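Coordinates in review
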Amino acid sequence: MNLLGIDTATESATCAVMSDDKLLGEITFNYKKQHSVILMNIVDYTLKNLKLTIDDLDGFVVSKGPGSFTGLRIGMAVVKGLSDGSKKPFVSISSLDTLAYSLAYTTGIICPILDALRNNVYTALYKFEGNTLKKITDYMAISVDELVEILKNHDLPITFIGDAVPKFREELKNQLSDVKFAPASLNLVKASGLCELGMNLIKQGICDNPITSAPIYLRKSQAEREYELRTGRDINE
């Protein structure tokens, strides 16, 4: 089975092609956010250099966030378009799940953190039980201070991973004990990780409904918040 994976949930943009348990190719850019400009170019470049076409693919995987509102919509729109045009299935997977999976078989708590701006992070807590990754909290958009208080209640080693690690590394190290950090090369969501997780689901016949599938929005967009501040009304009213 050949899958194409795409992630545009954060500052980085990445795509990969995996054939069963073999990674065929992957491209990741982490230089300025211009997903709408480069995404289809890197998809096309990857497929051409692998001598593959959309017809050679069996499905698609996309990150559903949490992350940048615009980035998430770009990735989801591209994959839904490819899925609809090719009549092949797609599945969406959380970027936090993908980061946690990058630390397979790590002892203790795995805590992916993505920068949500204003001293906030998108996060969830995970543990490996045997060969299975277990999510032990809901997805959250919280301040780093709130995250620290939550983690103080867990008497286990903690490993952080994600693009917010460089920003909060010293603060987390100073406030928590038994803390470790993933190698810098793992801090970006990798499309190859999405493919691996997606492969397991699609092979089981699990896929997204193109009508109801949507990104994970843990908070309102900046435009929505500014509207409510300006008008004093909830945008959902």
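Notes on the structure follow. Note that this is a predicted model, so its numbers are computed, not measured.

Regarding the environment of Arg-73
Tracing the backbone through its elements, the reader meets Arg-73 in helix α2 (residues 69–86). Residue class for Arg-73 comes out partly exposed when judged on its relative accessible area of 45%.

Side note on the environment of Phe-160
Within the element layout of this structure, Phe-160 appears in strand β11 (residues 158–161). You can call Phe-160 buried: its relative accessible area is 0%. Each C-alpha atom of the pair Phe-160 and Leu-125 lies 9.9 Å from the other, and the pair is 35 residues apart in sequence. Every residue in contact with Phe-160, bar those within four places of it in the chain, is listed here: Cys-111, Ile-113, Leu-147, Leu-151, Val-165, Leu-172, Leu-176, Val-179, Lys-180, Phe-181 and Ala-182.

So, the nonpolar core
Here is a general trend for soluble globular proteins: nonpolar side chains tend to be buried in one another's company. In this structure, Cys-111, Ile-113, Leu-147, Leu-151, Phe-160 and Leu-172 are the most contacted members of the largest nonpolar core, which totals 19 residues. Ranked by residues supplied to this core, first place goes to helix α4 (residues 144–151) with 4 residues. When sequence neighbours within four positions are dropped, the list of residues in contact with Leu-147 reads Cys-111, Ile-113, Val-121, Thr-123, Leu-125, Ile-142 and Phe-160. Within the second largest apolar cluster, 18 residues are counted, among which are Val-17, Leu-57, Val-62 and Val-78.

Some words on the packing of aromatic side chains
Within this structure, the stated rule accounts for 3 aromatic pairs. Ring plane angle 5° and centroid distance 4.9 Å describe the contact between Phe-69 and Tyr-217, whose orientation is recorded as stacked. Pair noted here: Phe-69 is in helix α2 and Tyr-217 is in the loop between α6 (191–203) and α7 (222–231), with a separation of 148 residues, a long-range link. Exposure remark for Phe-69: the relative accessible area of 15% places this residue in the buried category. In this structure Tyr-217 comes out as partly exposed when scored by relative accessible area, which is 36%. Measuring from centroid to centroid gives 5.3 Å for Tyr-105 and Phe-128, while their planes differ by 55°, and the two rings are tilted. Here Tyr-105, found in the loop between α3 (95–101) and β6 (109–115), pairs with Phe-128, found in strand β8 (residues 126–129); they are 23 residues apart in sequence, far enough to count as distant. Owing to a relative accessible area of 54%, Tyr-105 belongs among the exposed residues under this scheme. Between Lys-135 and the ring centre of Tyr-139, over which it is positioned, the NZ or CZ distance is 4.2 Å.

Digging into helix α1 (residues 35–49)
The end-to-end C-alpha distance of α1 is 21 Å, a good match for the 21 Å that 15 residues give at a rise of 1.5 Å each. By the burial criterion, the buried members of α1 are His-35, Ile-38, Leu-39, Ile-42, Val-43, Thr-46 and Leu-47. Along the axis of α1, the buried positions cluster into a sector of 160°, meaning they face one direction only. The outward face of α1, more than 90 degrees from its buried face, is lined by the exposed residues Val-37, Asn-41, Tyr-45, Lys-48 and Asn-49. Buried residues along α1 sit in contact with β1 (2–7), β2 (13–19), β3 (22–29) and α2.

Focus on helix α5 (residues 165–175)
Val-165, Phe-168 and Leu-172 are the residues of α5 that are buried. Down the axis of α5, the sector holding all buried residues measures 90°, keeping them to one side. Those residues of α5 that are exposed and angled more than 90 degrees off the buried face are Pro-166 and Asn-174. Those residues of α5 hidden inside the fold are in contact with β6, β7 (120–123), α4, β11 and β12 (179–181).

Re the sheet that holds β1
Here we have 5 strands laid out as an open sheet, ordered β3-β2-β1-β4-β5, and mixed in their pairing. The open sheet is flanked by β3 and β5 (90–93), the only strands paired with a single partner. The sheet shows a mean angle of 15° between the axes of neighbouring strands, taken without regard to direction. Packing against the sheet, α1 makes contact with β1, β2 and β3, and its axis sits at approximately 25° to β2. Here α2 sits on the sheet in contact with β1, β4 (59–63) and β5, set at roughly 170° to β4.

The rules we used
- Residues numbered from 1 in each chain as written.
- Predicted model: local features only at pLDDT ≥ 70, side-chain atom pairs only at ≥ 80, totals over all residues.
- Heavy atoms only, no water.
- Helix = DSSP H or I, 4+ residues; strand = E, 2+ residues; numbered from the N terminus.
- Buried < 20%, exposed > 50% of the residue type's maximum accessible area, 1.4 Å probe, protein only.
- Contact = heavy atoms within 4.5 Å.
- Core = buried A, V, L, I, M, F, W, Y, C linked by side-chain atoms within 4.5 Å.
- Phe/Tyr/Trp six-rings, centres within 6.5 Å; stacked < 30°, edge-to-face > 60°.
- Lys NZ or Arg CZ within 6 Å of the ring centre and 35° of its normal.
- Expected span 1.5 Å × (residues − 1).
- Arc of directions from axis to C-beta.
- Pairing = 2+ DSSP bridges.
- Axes fitted to C-alpha atoms, helices over the stretch in contact; angles between N-to-C directions.

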